[in-house]
Amino acid sequence: MKMQFIPTDYDYFDFQGRNYTLVYGRDDKGKRVCLVDSCEVFLWAILNEDISKEKIDSLIEKIKKIKLDLKGRNTRVEKVELHSMNFLNNPVKALKIFATNYKDLQDIAENLGFKEIEKRRGYDIGYITHYIIEKKVEPLKWYEINGEILNNSQEFGGIDMGLDVELCLKLENANPIKKEEFTPKVLAYDIETDDLKIGKGEILMLSLAGTDGTKKVLTWKGDKNKKKPEYVEFVEDEAELIEKFIENVRKISPDFLIGYFSDGFDLPYLKARAEKHNIKLTLSLDDSQPKFSRGVMLSAKTKGIVHIDILRFIRTAYAQYMKSETLTLNDVASEFLGDQKKKFDIADNLGGKMNWEKFYEYNLHDSVLTLNLFEKFWPDMVEFSKVVNEPLGDLSRAGLSKYVESYILHNLKKFKEIPEKRPGHNEIGGRREERSVEGAFVLEPKPGFYEDLVVFDFTSMHTSIIISMNISKETLSEKNVGGAKIKVGANEYYFSKKKGFIPELLNELFERRKKFKEEYKKNPNVFTKARSNAFKVLSASVHGYIGFFGARYYSKESSASILAFVRQFNKEAIEKIEKAGFEVIFGDTDSVGFIRGKKSKTEIKDFLKKINSELPGIMEMELEGFFRRGLWVSKRSGKAGAKKKYAMIDEEGNLKIRGFETVRRDWCFLAREVQNNVINMILEDGNEKRAMEYLKKIIKKIKNREVSKGDLLIRTQLKKEIADYIAQGPHVIAAKKMKEQEIPIEQGGLISYYIAEDKSGKKGKRLVRERVMLAHEEGDYDIGYYLNNQILPAVENIFEVFGIDIGKFFETKGQKTLGDF
DNA sequence: GGATAGCTGTTACC
DNA sequence: ACCGGTAACAGCTATCC
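Attention here is on the structure that accompanies the text. (Residues numbered from 1 in each chain as written. Chains lettered and ligands numbered in written order. Predicted model: local features only at pLDDT ≥ 70, side-chain atom pairs only at ≥ 80, totals over all residues. Heavy atoms only, no water.)

### As for the sheet that holds strand E22 (residues 485-488)
Working step 1: Reading across the sheet, the three strands line up as E21-E23-E22 and stay open at both edges, with antiparallel pairing between neighbours. With partners counted over all chains shown, the strands left at the sheet margins are strand E21 (476-477) and E22, one partner each.
Working step 2: Where E22 and strand E23 (residues 491-495) come together, four bridges link them in antiparallel fashion. Bridge pairing links Lys487 to Glu492 in E23.
Working step 3: Strand contacts of helix H16 (residues 556-579): E21, E22 and E23, with the helix running at about 90° to E22, the strand carrying the most contacts. (Pairing = 2+ DSSP bridges. Helix = DSSP H or I, 4+ residues; strand = E, 2+ residues; numbered from the N terminus. Contact = heavy atoms within 4.5 Å. Axes fitted to C-alpha atoms, helices over the stretch in contact; angles between N-to-C directions.)

This is the structure in structure tokens:
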């Protein structure tokens, strides 16, 4: 039969020793469909150079005889073919060795210890990835398929009977078709418990929110007889709650089951409680339970109904561009949805005072937010999945290096490239021990207050260097062969003229990004934006990938060369701009800022054109902007200009503040606000007068204790386990206090505290940490601390630029008192 | 016992 | 272990005299 079909998830099973793929998805009517398919499995044996035809033939015969009886499976080499291929850009002769079962490729590789074979490759990319590459049935793309309906078929051991789908087909062929965007069926869930430790507490309630309109809270807590909102469904106990949850999920059968931090909390918690009650957590379409795996983070994967922890996708693909200070559901929802969690503090509701109605509402809203976040990010997830060609379940848990690597692996065929192997444990260890490469160049700025500035920066600098200079593992050459060359410390590295497939693929990504950016401008919507963004993120990650120790195509030399070029081009740009008579104020990695002087904007733009005409390949600088004024301060210690700290105002009055305490979350809100206002006033007015008056008022307010405690809280992240700290800084002490008071805090959490007046009467120097108070603790804030350690340090270097010594004005430690103000 | 250099730790920039 | 080098800076801690 014929139908339109879109794959959402992949799995595989063995039958009579062979691998079969299960492709879960939907037809165009929204029916649940599963395809059964198969593909040839093989690995590559790369031959040494100059082996005679006879030798190869006899080698093939030997390999054909390989039979293994392992793990209760008989596997054998089924055929062997000789191919002309490429490996790392070099032509090679290679044997394509076909086997019965993908899982045995590794063992076959180990049995290929023939002296004619130089390398064995292509047995470690995973069956699903291998299948997608071979059969081109790619995730989240529409196909017109032909297949034979399986109905309790014995052909694959009756596999179709065990699958909870409406239709199961044996795939005959699949042809890609153009079709409108797919809208998946989605269900979000969230649990509330009485203890955050997995396995310790009980699940009090569980909420569901779905694209089908589902809004439900399952609970066994609260007054059973009291009238409740209609979304609340009462159950007998925790066991029934879990059973009902499974029942709901299976009945709704969403393509994606979504949680927020659910890999690390909700699903493991449910698993622990289900085990306690002897319930099987059959959330997969094949009735299996979630598979938990431990990497750096716990993962909880299901089949057919794909479990996705949306937090993990956000962390990989979005966190670097976000304003939110933490990745809590509340912060992320605020930033992307303009919505927040319902206010509810479990601690206030303990004992008999529990307001269950409010709790249900809170619980439901968390699922609603999670669902909304998924819908918000769906266009991006689809694009990443389509570009990278990996199913969303895996991709949503992967890092950017995996995105890049998958993109490469799925595109090797057109270069006839045999895939490089994954580095082994020892290899990774070795790579990690290597000395780190030198990074970008940062120019020391001249502290001061400047007018009429211009900023140029290189467009996608690292990316355009890789492409223009043809830098990659496979283009690195022993000798100078006429391609790019670069000095890195005492070494000199050479790259081939022949295009490498990684620079080539990156160029393709880069071009497509340009095209999709244009398309987005012409037709702005969430999908065109997401497409443009996916290519942007991916192309910007290739340099990081090349220097990542876990990468197949890791190349230290390439990474060092790219960065050496980054320094070289930036320094050359600075020199060129200075030679043209401009005073350069700052430069960092890919940017240069200078004073426009008497030159007109047109002249500046012409100057930029000239610079660009002299840059090689696709390298290009662009005008970041014209700025009316800019401020650079000196370092706190010494006279040197502080790098990575500046503030500028453009001609429309927009501020660009970098590095200052204003943008740092580990300073109290008041210090950040005051500094921000001071910078603002100075940049707007062109002098410090108004800012000075403002500062006087603030200092008076602090002195008179008119500042609310909330503005004085210092927030610092707890980056390690409390016990792992060597230095007992204020935030560590605050975290210990929280532990004592049984306030939940764990690694990664934000600690809020303020510094209180010292009332102990002890003599001698007191440490800051001895005066740490948690937000809710009573105490008077320490006026001296907030003046000398927060407000004044935040502004003194700014006023110094105007020749004003704030320390003299507001001396607090010396003879002068604050009373004057 | 005080000064200070150096270390630990966090956060930002690109 | 899932991009990482460059940088500023606070506050603690070791070390010196």
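### As for the packing of helix H8 (residues 356-388) against helix H14 (residues 526-540)
Working step 1: Viewed as axis vectors pointing N to C, H8 and H14 meet at an angle of 50°, and their least axial separation amounts to 8 Å. Classified by the angle their axes make, H8 and H14 are oblique. The element H8 and its partner H14 pack so that their crossing is right-handed. On the side of H8, the interface is formed by Pro379, Asp380, Glu383, Phe384, Val387 and Val388, while H14 contributes Val526, Phe527, Ala530, Arg531, Asn533, Ala534, Phe535, Val537 and Leu538.
Working step 2: Classifying every residue of the contact of H8 with H14 by side-chain character gives 11 nonpolar, one polar and three charged. (Parallel < 35°, antiparallel > 145°, perpendicular 65-115°, else oblique. Left-handed = near helix turned anticlockwise from the far one by under 90°. Nonpolar A, V, L, I, M, F, W, Y, C, P; charged D, E, K, R; others polar.)

### A short note on the pattern of salt bridges
Working step 1: By the definition in use, this model includes 66 salt bridges.
Working step 2: Lys2 is the salt-bridge partner of Glu144, the closest N and O atoms lying 4.0 Å from each other. Of the two residues, Glu144 sits in strand E9 (residues 143-149) while Lys2 sits in strand E1 (residues 2-15), which places them 142 residues apart along the sequence.
Working step 3: For Lys2, a relative accessible area of 56% puts it in the exposed group.
Working step 4: A salt bridge links Arg690 to Asp685; the shortest N-O distance between them is 2.8 Å.
Working step 5: The class of Asp685 is partly exposed, set by a relative accessible area of 30%. (Salt bridge = Lys/Arg side-chain N within 4 Å of Asp/Glu carboxyl O. Buried < 20%, exposed > 50% of the residue type's maximum accessible area, 1.4 Å probe, protein only.)

### Observations concerning unusual backbone geometry
Working step 1: Even without glycine at this site, Leu88 takes up a positive phi of about 50°.
Working step 2: Position of Leu88 relative to the elements: it lies in the loop between strand E6 (73-87) and strand E7 (90-99).
Working step 3: The phi dihedral of Ser460 is positive, around 35°, even though this residue is not glycine.
Working step 4: Position of Ser460 among the secondary structure elements: in the loop between strand E20 (448-458) and helix H12 (461-469).
Working step 5: The exposure class of Ser460 is partly exposed, given its relative accessible area of 34%.

### Some points on the protein's contact with DNA strand C
Working step 1: Taken together, 28 residues lie around DNA strand C, and Val296, Arg432, Lys643, Lys645 and Tyr785 are the ones closest in.
Working step 2: Near the protein, meaning within 4 Å, the atoms of DNA strand C are sugar or phosphate in a fraction of 89%, with bases accounting for the rest.
Working step 3: With respect to DNA strand C, the backbone of Leu400 contributes an N or O atom lying 3.5 Å from a phosphate oxygen.
Working step 4: One nitrogen or oxygen atom from the side chain of Lys643 is found 2.7 Å from a phosphate oxygen belonging to DNA strand C.
Working step 5: Here the surface near DNA strand C is composed, by residue class, of 13 nonpolar, seven polar and eight charged. (Near = heavy atom within 4 Å. Polar contact = N/O pair within 3.5 Å; in protein donor to acceptor, adjacent residues only side chain to side chain.)

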